[in-house]
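# Structural features, examined
Listed below are the residues making up each chain.
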Amino acid sequence: MKIDLTDTTASKVNKALVKGRRAIGTPAVGMVLTLVIVTDEENAYDALKAANDASREHPSRTLVVIKRVSRTPRDRTQSRLDAEVRVGADAGTGETVVLRLYGEVVDHAQSVVLPLLLPDAPVVVWWPVEAPIDPANDPLGALAQRRVTDTYASEQPVRDLGARADTYTPGDTDLSWTRITPWRSMLAAALDQVTVDVNAVEVEGEEFNPSCELLAMWLADRLDVPVKRSLSNGPGLTAVRMDTSHGPIVLDRADGSLATLSIEGQPDRGVALKRRETAELIAEELRRLDPDDTYASALRFGVERLNPAPAPAAVETPVAEAVKAPAKKAAAKKATAASSSRKAAAK
């Protein structure tokens, strides 16, 4: 069931939700949390589809906040809120409200969202694209216990990882971290099978892929060994190679779905490591609402500590050359005198 509201208010949206639940015969509220999705018109459909699929595991009230860009100065001074209320089959197993904000109300989205939050229920805010640099201090992020970003969707993922580390607040997380959960589980299980000392690690994957960087930082942080970040054509993460006292341990996934785990002295094993859809990723994040300390530790390790660049060669300035010039001349005279002495002795 869908109810369209034009030039409306948060109070009217709440009334429409109650009316919709009664119309389909479910007057009680059975949601466990509020999921706020902050996106644009272009990405709203995909984000909402992923949230609806995830609601089968986590029944929730989903609020989609779309900030519409005003074309003229006159439009920017005229505030308007349009809403689309969905209940029943059109909203997965929860409720969905699509909020389109126009004009000055764009800068006050929190005042629209706050009256629509479920009482006494956790709030999760998700930015599928264009997340703020400091999610915890964003007006909408301040309403939430958990704040989900995705550096994979940013223009400069590696730079944004550094920004996330600088502004990290307990409750922050990123879908690039969620994507490597199966890799972390498999690598930890592989090290549990043998008693070894890890000497060095190589993480291979696409360039500018934040999941590769996060996995490398996690391994370097946990194992306290040098980690090399190498490049491949993908897709995504392709291999992790560990040099250990027992021999090499390799987890190789060349095709993006089936990986091979190789441990010295054991037969190779096939491992399912398929690239997961966004719905699976967001569903995993909604399973836990406490701070992820492991993510925080890996993030703070720092991208710049991977593959440290060699020290640049010293370049002498004109002043330094002028200072060294007399010494160079004296050395040259001494060498000439020694050469003349050798010639005289030879004669």
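Details of the structure are given in the entry above.
Residues numbered from 1 in each chain as written. Predicted model: local features only at pLDDT ≥ 70, side-chain atom pairs only at ≥ 80, totals over all residues. Heavy atoms only, no water.

Another point: the packing of helix 8 (residues 210-223) against helix 10 (residues 293-301). Running from N to C, helix 8 and helix 10 point in directions that differ by 95°, and their axes come no closer than 8 Å. As far as their axial angle goes, helix 10 and helix 8 are roughly perpendicular. Of helix 10, the residues touching helix 8 (which contributes L214, M217, W218, A220, D221 and R222) are T294, Y295, S297, A298, L299 and F301. Partitioned by chemical class, the residues of the contact of helix 8 with helix 10 number eight nonpolar, two polar and two charged. (Axes fitted to C-alpha atoms, helices over the stretch in contact; angles between N-to-C directions. Helix = DSSP H or I, 4+ residues; strand = E, 2+ residues; numbered from the N terminus. Parallel < 35°, antiparallel > 145°, perpendicular 65-115°, else oblique. Contact = heavy atoms within 4.5 Å. Nonpolar A, V, L, I, M, F, W, Y, C, P; charged D, E, K, R; others polar.)

Our focus in this paragraph is the pairing of strand 14 (residues 269-272). As paired elements, strand 13 (residues 258-263) and strand 14 share four bridges and run antiparallel to each other. The residue of strand 14 that forms the bridge with L261 is R269. Hairpin connection from strand 13 to strand 14: five residues lie between these consecutive antiparallel strands, with G265 at a positive phi of about 85°. (Pairing = 2+ DSSP bridges.)

This brings us to the side chain of S211. Within the secondary structure, S211 is located in helix 8. We classify S211 as buried; its relative accessible area is 5%. In terms of polar contacts, S211 uses its side chain to reach the backbone carbonyl oxygen of S176, at 2.8 Å. Ignoring sequence-local partners within four residues, the contact set of S211 consists of S176, R179, I180 and L237. (Buried < 20%, exposed > 50% of the residue type's maximum accessible area, 1.4 Å probe, protein only. Polar contact = N/O pair within 3.5 Å; in protein donor to acceptor, adjacent residues only side chain to side chain.)

Where empty space is left becomes clear once a probe the size of a water molecule has been rolled over the atoms. Within this model, the largest pocket holds a volume of roughly 640 Å³. For the largest pocket, the lining is made up of 31 residues, of which R179, R276, E277, T278 and L281 are closest to its centre. Residue assignment for the lining of the largest pocket shows that the elements contributing at least two residues are helix 2 (41-54), helix 7 (181-193), helix 8 and helix 9 (278-285). With six residues, helix 2 is the single largest residue contributor to the lining of the largest pocket. (1 Å grid on protein atoms, 1.4 Å probe; cavity = no way out; pocket = protein on both sides within 12 Å on 5 of 7 lines; lining within 4 Å. Points joined across faces, edges and corners; volume = space filled by probe spheres on them.)

Examined bridge by bridge, strand 9 (residues 198-205) and strand 10 (residues 227-231) share five bridges and lie parallel to one another. Considered in strand 10, the bridge of V203 is made with R229. Crossover connection from strand 9 via helix 8 to parallel strand 10: handedness right-handed. (Right-handed = clockwise from strand over helix to strand, strands pointing away.)

Within the secondary structure, G234 is located in the loop between strand 10 and strand 11 (237-244). Residues G234 and G256, 22 residues apart in the sequence, show an inter-C-alpha distance of 7.8 Å. With residues up to four places along the chain from it excluded, the contact list for G234 reads E206 and A254.

Right, let's talk about the sheet that holds strand 2 (residues 33-39) for a bit. Taken in spatial order, the eight strands of this open sheet run 1-4-5-3-2-6-7-8, and their pairing is mixed. Strand pairing shows two members of the sheet lacking a second neighbour, strand 1 (2-5) and strand 8 (172-174), which therefore form its edges. Going across the sheet, the axis of each strand differs from the next one's by a mean of 15°, ignoring polarity. Both strand 7 (residues 146-149) and strand 8 contribute to a ladder of three bridges, which runs parallel. The residue of strand 8 that forms the bridge with R147 is D172. Where helix 1 (residues 10-23) meets the sheet, its contacts fall on strand 1, strand 3 (60-67), strand 4 (80-87) and strand 5 (95-102), and the angle it forms with strand 4 comes to roughly 15°.

Here we take up the sheet that holds strand 13. Read across the sheet, six strands follow the order 10-9-11-12-13-14 without closing on themselves; strand pairing throughout is mixed. A single partner strand is all that each edge strand has here, and the edge strands are strand 10 and strand 14. The mean angle between the axes of side-by-side strands here comes to 20°, regardless of whether they run parallel or antiparallel. Helix 7 contacts strand 9, strand 11, strand 12 (247-252), strand 13 and strand 14 of the sheet and is inclined by roughly 25° relative to strand 11.

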